[in-house]
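Here is how the chains run, residue by residue.
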Amino acid sequence: MALSYCKLCSLLLTEHFGEVIGKVAEDLQWGPKLLPNIVSSTGLSTAKVKKALAILIQYGFVRYEKSKCPWRAEYIYLPEKVLLLLRYQRYLELIDTKYGEESRLLLEEIMKYGSITESSAILKVVEVLKKDEKSTSDSVIALRNKFHALITGRYLIRCANPCKTEADEPNLSSVPRLTLIEAELHRPAVIDVNVLCKAAEGQTCKPEDIGDANVRWRLNYDRFHQDMRDEMMIDAMRRRFDDNAAELMKQLLQLMYLRTEAWCSDSNPVPVLELKDAISKKSANAYLSQYFEQYLKILEEDSCRFLTKVGTGDVSSAQLCVNMAKAILQLTSTAIENVIEQRFGMKAARIFRLVKTKKFVEQEQIQQLAMISDKEAKQITYKLLQENFLQMQELRKPAAGSGPNKSFFLFHVDLNLVVHTVTEMCHKAIYNALIRSRSELTNHMRLMEKHERLEAASQLLREQGTEQEQIDALVDEWLSLPERNLLESVKKSLEKLKTAEIQIDNTLFLLQLFTYYQHLTMPKITSKKKSQIE
Amino acid sequence: MDPTDTVQCASSSSAPANEQMLISVVTKFGSKGATDADLEKLFPNWTPDMRVTILNKLIAKGFIDIFNSGGNLVYKIKDTSQGAEKLKGADNEEKVVFKIIEEAGNKGIWIRDIRFKSNLMPTQLNKILKMLEGKKMIKAVKSVAASKKKVYMLFNVEPDRSLTGGAWYCDQDFETEFVDVLNQQCYRFLQQKKETTVGNKGGPLAVRNASYASPKQVCKFITELGISKVQLSEDDIKTILDTLVFDGKLERVVSTDGGFLFRAIDSLLPPPDLIRMPCGVCPVINNCSYPGKVNPEICVYLNDWLS
């Protein structure tokens, strides 16, 4: 784990959950630890550490496992989950557009608690709706349906429960083992709706009566990422060709999921005929249906290579494959080239692409092919080398006989390393944005506090029935003009930094996808295995 | 090289260079000789006056003979053995050096290699070379690859492309601006070609095929534009188009006749979000750490961006 990555994760935790949890997580970043070890190295009280660990486990940032002595658990930090905190905004937007506002509220509750039972999520949303006076009598039922839609859409996943100790296993270990049957991953719990409705109306009832006390739900990140990935591919098609090509890609991806697991590097073949039917039925796009074959041809022949046609012949027998891994590779290269173009200029991007296409090239060839003057080409090449975007390989001839000993210096691109470099840049940039917003806040602490007090006071006045004009006049009196200007600019800066964080996370998402597909040759952790681990 | 090829370095203004080019062109016509019309075609940007002056000079120096064939004036190169004739009075060392240089052809030969081959003392060799140069039997050419390295070749030989660098060099300097302008214009041409296809309702395949252009078409456009003093060949334009492919602005496909076709394309992604924040383009990001001397709290780039 790189230093910038560790620092970013602990900072994120500190910002969202407070000092104690940040400290515990920081302590765990060096590897799995037992509770007493964490207590001694952090210097916090045992009770505090226990509470922090409980919270971290609830949000899925830490998991536990039997240690070498079977009656003690060791705690393992999962920083990649912490980084997803940045992406929560995107998830919410995604659900908002797909399922509507109520589903978004439900998701928000789940995010707030890390993992939560269905009934309590619904009750909490009902409360929110009541506050906004949007609640209706059947909102509980509606929310339950929305929740089930999220489950069947696989956006939510069941948390593992501790299993009962089996009889033949001696009860040596007091560390609970978490298990989950795969069939239950996306099966909604049975809920007594009547009790839930009563609870929503404000009557007190025991959680056991509702019936889902031990079925907790959390976000299924992979599903969100799948949607985000598809959206990226469809957008790329739109940019390269037009809306019709994007529509074609969308339909193709949907058909692909019927036959292929979402995270394979290559899809199983999809019959062209089926795609054609789907397009003529689902989308009322006459132009696309008319020129369906032509669109297929240009998509297939384009240099981005998102699709390949399997099997020759006419439409009836041909099949299509989606090259996910290649598509992501293309997108990542494009993104990195764009970064280089902005960072070092157009000509640096040209040299980078050139070296990438030609695999191994000498300095002199770079100059000739890129049509850049000798000195400038050298300068740019060495700059890229220095910043780790290019690699250099020396070929030395064995010093046989006399004569000058000549070595060749060949430049090449190792995309894995470049992605690593850019990822690190992203981590650092997000970290900087977080630090900067924190310092903006502390620098203007007094002003912010004053502003908050004023807000609270004006709220109070409004409730007491004071006229709005009167409140405004009072606020004007309390807050001088320069103070107000400063407040505005601080607010603007904070907002800008917040957007930057979310935007940079988009880049990070693409890079993570790339890394994932690169490692796909290694055994993949499926959702089934994952749940067993947890 | 076919004698009917257009000569590319015709813009070069220095008089001796022009003389040399004329000699090399007339040499290619051989015993048939070059007519005035041929020369006019090959050096389109020389005025008749200029041509006459250069020819007169060469005739006076005895490099070219003038003949009358059927009412037309024909220029022929004087027999190359005239070099040997001139050498008649010279000593053996001079003849050896001349022979070595003659063998090197249009690639030229470096003074150090002459020394190795001839086994002459540097001082003596320098003297001989100066003398031969004075007699206009050989010339020194600077290579673009290594500006300090002088190579020698016969006076009437046109230097190889690898030495002069072709159309992109002017006196050993790479013409960056010229290349950049050509680069932009080629892209503009293909971009416009693509934009004209937008309203096309003939199906996506027709739209795509209409946006392709061959180097020949681009070459024609550039010539008609008149931004280049130098006559550019299709190959030159292809080199420029290749740089645009490396810029990620064009796509290259192999056409049915074996050549290449080019098409303007858009990038698959919008500019990445990383660079919307100054950290993405920060020159000192490697030195940046918190706490540290370069840190985000006091960063000037962030200050500028936020205000």
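Residues numbered from 1 in each chain as written. Chains lettered and ligands numbered in written order. Predicted model: local features only at pLDDT ≥ 70, side-chain atom pairs only at ≥ 80, totals over all residues. Heavy atoms only, no water.

Undergrad: Where do I start with the overall build of chain B in this structure?
TA: From N to C terminus, chain B includes 13 helices and 10 strands. Taken over 307 residues, chain B has a buried fraction of 42%. Sequence separation of at least 24 residues holds for 51% of the intrachain contacts in chain B that already meet a minimum separation of 6. (Helix = DSSP H or I, 4+ residues; strand = E, 2+ residues; numbered from the N terminus. Buried < 20%, exposed > 50% of the residue type's maximum accessible area, 1.4 Å probe, protein only. Contact = heavy atoms within 4.5 Å.)

Undergrad: What is the right way to look at the overall build of chain A in this model?
TA: Each helix and strand in chain A was counted, giving 25 helices and 14 strands. Overall, the C-alpha framework of chain A stretches about 90 × 65 × 65 Å when taken along its three principal axes. Considering chain A as a whole, with its 534 residues, one finds that 47% of them fall into the buried category. Contacts in chain A between residues at least 24 apart in sequence constitute 65% of all its contacts with a sequence separation of at least 6. Distance between charge centroids for chain A: 6 Å, based on 74 positive and 71 negative side chains. (Lys, Arg positive; Asp, Glu negative; His and termini not counted. Charge placed at Lys NZ, Arg CZ, Asp CG, Glu CD.)

Undergrad: Can you walk me through the domain arrangement of chain A in this structure?
TA: Many analyses report the size of an interface as the accessible area lost when the parts associate. For chain A, the domain assignment lists domain 1 (3-80), domain 2 (100-165 + 176-219), domain 3 (223-322), domain 4 (327-395 + 408-413) and domain 5 (418-518). In this structure, domain 2 of chain A and domain 5 of chain A have C-alpha centres spaced 32 Å apart. (Domains from an automatic or database assignment.)

Undergrad: I keep staring at the domain arrangement of chain B and nothing clicks. Help me out?
TA: On domain assignment, one finds that chain B holds domain 1 (17-77), domain 2 (92-165), domain 3 (176-264) and domain 4 (273-306). One C-alpha centre belongs to domain 2 of chain B, the other to domain 4 of chain B, and the line joining them spans 56 Å.

Undergrad: I would appreciate a short explanation of the nonpolar core in the present structure.
TA: The nonpolar side chains of a soluble globular protein tend to be buried with one another. Within the largest apolar cluster, 166 residues are counted, with the highest numbers of intra-cluster contacts made by Tyr91(A), Phe306(A) and Leu331(A). A per-element tally of this core places helix α21 (residues 415-443) of chain A first, with 12 residues. By size, the runner-up hydrophobic cluster in this structure holds 23 residues, among which are Tyr169(B), Cys186(B), Cys219(B) and Leu232(B). (Core = buried A, V, L, I, M, F, W, Y, C linked by side-chain atoms within 4.5 Å.)

Undergrad: Explanation requested: the pairing of strand β3 (residues 73-77) of chain A in the structure shown.
TA: Residue and element names in this part refer to chain A. Within β3, 4 of the 5 residues are buried, leaving the element largely enclosed by the surrounding structure. Bridging between strand β2 (residues 62-66) and β3 involves 5 bridges; their strand directions are antiparallel. Following the sheet pairing, Glu65 is matched in β3 by Glu74. Following β2, the chain reverses through 6 residues before pairing antiparallel with β3. (Pairing = 2+ DSSP bridges.)

Undergrad: Can you walk me through the environment of Ala200(A) in this structure?
TA: All names here are of chain A. Looking at where Ala200 falls in the secondary structure, it is placed in helix α10 (residues 193-200). Between the alpha carbons of Ala200 and Val125 there is a distance of 9.7 Å; along the sequence they are 75 residues apart. Sequence-distant contacts of Ala200, defined by excluding residues within four places in its chain, comprise Leu123, Val126, Lys130 and Val140.

Undergrad: Any chance you could explain the pairing of strand β3 (residues 72-77) of chain B here in plain terms?
TA: Both faces of the sheet carry side chains from a regular strand, because those side chains alternate between them. All names here are of chain B. Examined bridge by bridge, strand β1 (residues 34-35) and β3 share 2 bridges and lie antiparallel to one another. Bridging from a neighbouring strand, Thr35 pairs with Val74 of β3. Here strand β2 (residues 64-69) pairs with β3 via 6 bridges, running antiparallel. Bridging across to β3, Ile66 finds its partner in Tyr75.

Undergrad: Please clarify how the packing of aromatic side chains should be interpreted in this entry.
TA: Two aromatic rings are characterised by how far apart their centres lie and by the angle between their planes. As enumerated under the stated definition, the model contains 14 aromatic pairs over all chains in all. Members of the aromatic cluster, joined through ring pairs, are Tyr88(A), Tyr91(A), Tyr99(A), Tyr155(A), Tyr221(A) and Phe224(A). The ring of Tyr113(A) has Lys124(A) sitting right over it, with the charged end atom 4.5 Å from the ring centre. It is Arg252(B) that lies over the ring of Phe260(B); its NZ or CZ is 4.2 Å from the centre. (Phe/Tyr/Trp six-rings, centres within 6.5 Å; stacked < 30°, edge-to-face > 60°. Lys NZ or Arg CZ within 6 Å of the ring centre and 35° of its normal.)

Undergrad: Is there a simple way to explain the sheet that holds strand β6 (residues 150-154) of chain B in this structure?
TA: Across a sheet, paired strands are connected by hydrogen bonds in the backbone, their directions being either parallel or antiparallel. Residue and element names in this part refer to chain B. Strand order in the open sheet formed by 3 strands is β4-β6-β5, with antiparallel pairing between adjacent strands. Bordering the open sheet on either side are β4 (109-110) and β5 (138-142), each of which pairs with just one other strand. Where β4 and β6 come together, 2 bridges link them in antiparallel fashion. Within the sheet, the bridge partner assigned to Trp110 lies in β6 and is Val151.

Undergrad: Any chance you could explain the pattern of salt bridges here in plain terms?
TA: Two side chains of opposite charge can pair, provided their charged atoms sit close to one another. All names here are of chain A. Counted according to the given criterion, the structure contains 33 salt bridges over all chains. A salt bridge links Lys297 to Glu301, with the nearest nitrogen and oxygen atoms 2.9 Å apart. Taken together, the residues Lys297 and Glu301, both in helix α16 (residues 292-301) and 4 residues apart, mark about one turn of the helix. Exposure remark for Glu301: the relative accessible area of 35% places this residue in the partly exposed category. Between Glu376 and Lys347 there is a salt bridge, with the nearest N and O atoms lying 3.8 Å from each other. (Salt bridge = Lys/Arg side-chain N within 4 Å of Asp/Glu carboxyl O.)

Undergrad: What is the right way to look at the sheet that holds strand β8 (residues 216-219) of chain A in this model?
TA: With antiparallel pairing, the 3 strands of this open sheet are ordered in space as β4-β8-β5 (chain A). For this open sheet the edge positions go to β4 (116-117) and β5 (156-158) of chain A, each flanked by a neighbour on one side alone.

Undergrad: What is the right way to look at the interface of chain B and chain A in this model?
TA: Taken together, the contact pairs 55 residues of chain B with 63 residues of chain A. When the two sides are added together, the surface that chain B and chain A hide from each other amounts to roughly 5,200 Å², 60% of it contributed by carbon and sulfur. Of all residues in chain B, the largest losses of buried area upon contact with chain A belong to Phe246(B), Leu268(B) and Leu274(B), amounting jointly to 17% of the total for that side. Taken together, the connections running from chain B to chain A amount to 4 salt bridges. Counting the contacts that link chain B with chain A gives 17 residue pairs in polar contact (both at pLDDT 80 or more). Looking at the side of chain B that touches chain A, the elements with two or more residues in it are α9 (176-196), α10 (204-210), α12 (234-246) and α13 (300-306) of chain B. It is α12(B) that contributes the most residues to the side of chain B that touches chain A, 5 residues altogether. (Buried area = accessible area lost by both parts, 1.4 Å probe. Polar contact = N/O pair within 3.5 Å; in protein donor to acceptor, adjacent residues only side chain to side chain.)

Undergrad: Hey, could you run me through a nonpolar patch on the surface in this one?
TA: All names here are of chain B. Residues Val181, Leu225 and Ile227 make up a contiguous nonpolar surface patch of roughly 200 Å² in combined accessible area. Inspection of the secondary structure puts Leu225 in helix α11 (residues 215-225). Leu225 sits in the partly exposed class, given a relative accessible area of 33%. (Patch = residues over 30% accessible without salt bridge, like charges linked within 9 Å, V, L, I, M, F, W, Y side chains within 5 Å. Areas by Shrake-Rupley, 256 points an atom, 1.4 Å probe, with all protein chains shown as cover.)

Undergrad: Even after reading the chapter, I still don't get the confidence of the model for chain A, so can you show me in this structure?
TA: Should the pLDDT be low somewhere, the predicted coordinates at that spot are not to be read in detail. All names here are of chain A. Counting all residues, the mean pLDDT for chain A is 84, and 91% of those residues have values of 70 or more. Considering each helix and strand of chain A separately, the mean pLDDT is smallest for helix α25 (residues 527-533), with a value of 48, and largest for helix α4 (residues 46-58), with 92. Of the regions scoring below 50 in pLDDT, residues 528-534 engages in 13 contacts with residues more than four places distant in sequence or in other chains. (pLDDT = per-residue confidence, 0-100.)

Undergrad: In this structure, what is going on with the environment of Thr381(A)? I would like to understand it.
TA: Residue and element names in this part refer to chain A. Checked against the element boundaries, Thr381 lands in helix α20 (residues 374-386). Once the C-alpha coordinates of Thr381 and Phe352 are considered, the two residues, 29 residues apart in sequence, prove to be 8.4 Å apart. What Thr381 contacts, discounting residues up to four positions off in sequence, is Ile351, Gln363, Ile366, Leu390 and Phe411. Here the side chain of Thr381 touches Ala377 through a polar contact of 2.5 Å, landing on its backbone oxygen.

Undergrad: What should I look at first to understand the packing of helix α14 (residues 272-282) of chain A against α16(A) in this one?
TA: What describes two packed helices is the angle between their axes and the distance between those same axes. Residue and element names in this part refer to chain A. One way to put it is that α14 packs onto α16 with a least axis distance of 11 Å and a crossing angle of 120°. When the axes of α14 and α16 are compared, the pair comes out oblique. The way α14 lies across α16 gives a crossing that is right-handed. Residues Val272, Leu275, Lys276 and Ile279 of α14 lie in contact with α16, whose contacting residues are Phe292, Glu293 and Leu296. Residue composition of the contact of α14 with α16, by class: 5 nonpolar, no polar and 2 charged. (Axes fitted to C-alpha atoms, helices over the stretch in contact; angles between N-to-C directions. Parallel < 35°, antiparallel > 145°, perpendicular 65-115°, else oblique. Left-handed = near helix turned anticlockwise from the far one by under 90°. Nonpolar A, V, L, I, M, F, W, Y, C, P; charged D, E, K, R; others polar.)

Undergrad: Honestly, the environment of Thr256(B) in this entry has me stumped. Any pointers?
TA: Looking at the element boundaries, Thr256(B) is found in the loop between β9 (250-254) and β10 (260-264). With 229 residues separating them in the primary sequence, Thr256(B) and Thr27(B) have C-alpha atoms 38 Å apart.

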